[in-house]
Amino acid sequence: MKAKVPALSPLFRSDSQAEILTLILLHPETEYSLTDISTLTEVNVATVHKEIERLALLGITSERRVGKSRLVHATVTHPLYQPLLALVEHSYGPLIVLSDLIKGIPGIEEAYIFGSWAARRAGRQGKPPADIDVLLVGALDYETADSIAEKASAALRMDVNIQRCSSELWKKAEDPFITTVKSQPLIEIPLM
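My aim in this report is to walk through the structure given alongside it, one point at a time. (Residues numbered from 1 in each chain as written. Predicted model: local features only at pLDDT ≥ 70, side-chain atom pairs only at ≥ 80, totals over all residues. Heavy atoms only, no water.)

In this section: the environment of Thr 75. Positionally, Thr 75 belongs in the loop between strand E3 (69–74) and helix H4 (81–91). Judged by relative accessible area, Thr 75 falls into the buried class, the value being 13%. Thr 75 sits 61 residues away from Leu 136 along the chain, and the two C-alpha atoms are 34 Å apart. Not counting residues up to four positions away in its chain, the partners in contact with Thr 75 are Gly 59, Ile 60, Thr 61, Ser 62 and Tyr 81. (Helix = DSSP H or I, 4+ residues; strand = E, 2+ residues; numbered from the N terminus. Buried < 20%, exposed > 50% of the residue type's maximum accessible area, 1.4 Å probe, protein only. Contact = heavy atoms within 4.5 Å.)

Structure below.
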């Protein structure tokens, strides 16, 4: 059976490959065990092991052993580090970048990416996303949302548009905008 080409970036062999690479490249100062990578990317450990073997063979990742644990991190001095970082930031980076930015902000109960990026991540073919649409559910002031959007836009080098709604409005789904958002692909942004 032929593997499905990732709609976000057909340059990658699979979404799993891209998600692993994105996690490691976006956090070059962090050492991850293979289990950590599996948990954070929701990719099975066997696939993580194969992908890390490929990346290590190319020198894109480095590792050290602590007991039986294999700790992996990005090799920032590798000549492909910056070009790969730019590629993954633009295609798979929004989920990680946004999660990092909104973790621990009081008032955010749920967060989602919707629109064209979510559709591509869900496997729907189409033009590459020109921007990232985000919905923050809870009690969040405009200034904080605007600050998150500015930081995310700078990190991702593309516009990030943030919409806000109360948890009551989200649960009732009587608003036409909320109904439309819920009818399309939604990618939940991890808050922890």
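After that view, the rundown keeps rolling.
Take unusual backbone geometry next. Of note, Glu 42 is a non-glycine position whose phi angle comes to about 60°, a positive value. For Glu 42, the position within the fold is in the loop between helix H2 (34–41) and helix H3 (45–58). Residue Arg 157 is not a glycine yet carries a positive backbone phi of 60°. One can find Arg 157 in the loop between helix H7 (142–156) and strand E6 (159–165).

Turning our eyes to something else, we now look at the pattern of salt bridges. Applying the stated criterion to the full structure yields nine salt bridges. One salt bridge in this structure joins Arg 13 and Glu 51, with 2.6 Å as the shortest N-O distance. Of this pair, Arg 13 sits in the segment before helix H1 (15–26) while Glu 51 sits in helix H3, and the two are 38 residues apart along the sequence. Overall, Glu 51 belongs to the buried group, its relative accessible area being 6%. Among the salt bridges present, the one from Lys 103 reaches Asp 100, with a minimum N-O distance of 3.6 Å. The exposure class assigned to Asp 100 is partly exposed, which follows from its relative accessible area of 37%. Overlapping salt bridges, with partners in common, bring together Arg 13, Glu 51 and Arg 54 in one network. (Salt bridge = Lys/Arg side-chain N within 4 Å of Asp/Glu carboxyl O.)

Before going further, it helps to spend a moment on the nonpolar core. One recurring pattern in soluble globular proteins is that nonpolar side chains are buried together. Judged by nonpolar contacts, the single largest core of 46 residues is most densely connected at Leu 25, Ile 37, Ile 52, Ile 113, Val 134 and Leu 136. Contacts of Val 134, omitting those with residues within four sequence positions, involve Leu 98, Tyr 112, Ile 113, Phe 114, Val 160, Asn 161, Ile 162, Gln 163 and Ile 189. With eight residues, the next largest nonpolar core counts Tyr 112, Leu 135, Val 137 and Trp 170 among its residues. (Core = buried A, V, L, I, M, F, W, Y, C linked by side-chain atoms within 4.5 Å.)

Among the structural elements, Ser 153 can be located in helix H7. Setting aside anything within four residues of it in sequence, one finds Ser 153 in contact with Met 158, Asp 159 and Val 160.

In short, shape yes, function no, at least from these values alone.
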